[in-house]
Amino acid sequence: MTDTGHQQPARQAPRPGPGRGLVVPPGQGRTVRTAAQQVTYKVTGEHSRAASSFEVVVPPGFDVGAHVHAHTEELFYVLEGELDIFAFEPRVRTRDSWRGWQSAAGDRVVRATAGTVVLVPPGCPHAFANPTGTPARMFFQSAPPPDHERYFDELLDLMAAGGPPDETAVAELRTRYDIEQLTPLRHGPPTEER
């Protein structure tokens, strides 16, 4: 692992093509780690024209903050643990926290457990947070590639500095990568808000 938290895979996965797909065994892929998050790149823009795919470990207390993408579609699949998550336009967007948000149709933040799938179309506000005392793990897909790969690299470099994230630097980064931040990104002790 380098000082920036990047770990290089033992070997580079071959590029898929006609007659050749891509198989990524468990534990394989390029992993980036910080105290706030661990992301393993499974399928990148180098491999797919459709989407980038990641395995993400979400530590206790991490809150990505409510945000919206104008052009990106995302898919989340909870593999282990629990996450508070939502994907809807709230009646009122509050700036400090999304945990109490509700849609005009009555949708609310849910506690997502293993097997929960969330599809987020472009323009749909969404967020996830780990309010529990144990890490959660999810499969995450972002289309089109490779912007989210670049975003993760730069975000995790910012978070590698330790301590609370520099909110101004994170906001500038998110703006460059089609992310309108609605509530702050947070990493700290877990909170069991519901």
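Above this text you will find the structure in question.
Residues numbered from 1 in each chain as written. Predicted model: local features only at pLDDT ≥ 70, side-chain atom pairs only at ≥ 80, totals over all residues. Heavy atoms only, no water.

A. Layout of the pairing of strand S7 (residues 73-80). When S7 meets strand S12 (residues 136-143), the two strands line up antiparallel, connected through 7 bridges. The residue bridging Phe76 from the neighbouring strand is Phe140, located in S12. By the bridge criterion, 4 bridges tie S7 to strand S10 (residues 117-120) in an arrangement that is antiparallel. Opposite Phe76, over in S10, you have Val118 as the bridge partner. (Pairing = 2+ DSSP bridges. Helix = DSSP H or I, 4+ residues; strand = E, 2+ residues; numbered from the N terminus.)

B. How the structure looks around the environment of Ala160. Structurally, Ala160 can be placed in the loop between helix H1 (147-159) and helix H2 (167-176). On the accessibility criterion, Ala160 (36% relative accessible area) is partly exposed. For the pair Ala160 and Gln37, spaced 123 residues apart in sequence, the C-alpha to C-alpha distance is 9.5 Å. (Buried < 20%, exposed > 50% of the residue type's maximum accessible area, 1.4 Å probe, protein only.)

C. Spatial organisation of the packing of aromatic side chains. According to the stated counting rule, one finds 12 aromatic pairs in the structure shown. Relative to Phe140, the ring of Phe54 has its centre 5.5 Å away and its plane inclined at 20°; by these criteria the two rings are stacked. Taken together, the positions of Phe54 in strand S4 (residues 52-58) and Phe140 in strand S12 put the pair 86 residues apart, joining distant regions of the chain. In this arrangement the basic side chain of Arg30 is found over the ring face of Tyr41, its NZ or CZ atom lying 4.2 Å from the centre. Cation over ring: Arg99 sits above Trp98, and NZ or CZ is 5.0 Å from the ring centre. (Phe/Tyr/Trp six-rings, centres within 6.5 Å; stacked < 30°, edge-to-face > 60°. Lys NZ or Arg CZ within 6 Å of the ring centre and 35° of its normal.)

D. Geometry of the pattern of salt bridges. In total, this model carries 12 salt bridges according to the counting rule given. Here Arg111 makes a salt bridge to Glu82, at a shortest N to O gap of 3.2 Å. Residue Arg111 is located in strand S9 (residues 110-112), and its partner Glu82 is located in the loop between S7 and strand S8 (83-87); the two are separated by 29 residues in the primary sequence. Its relative accessible area of 31% is what places Glu82 among the partly exposed residues. With a shortest N-O distance of 2.6 Å, Asp96 and Arg186 are connected by a salt bridge. In this pair, Asp96 is assigned in the loop between S8 and S9 and Arg186 in strand S14 (residues 186-187), connecting sequence segments 90 residues apart. For Arg186, a relative accessible area of 31% translates into the label partly exposed. Connected through salt bridges with shared partners, the residues Asp63, Glu82, Asp84, Arg99 and Arg111 form a single ionic network. (Salt bridge = Lys/Arg side-chain N within 4 Å of Asp/Glu carboxyl O.)

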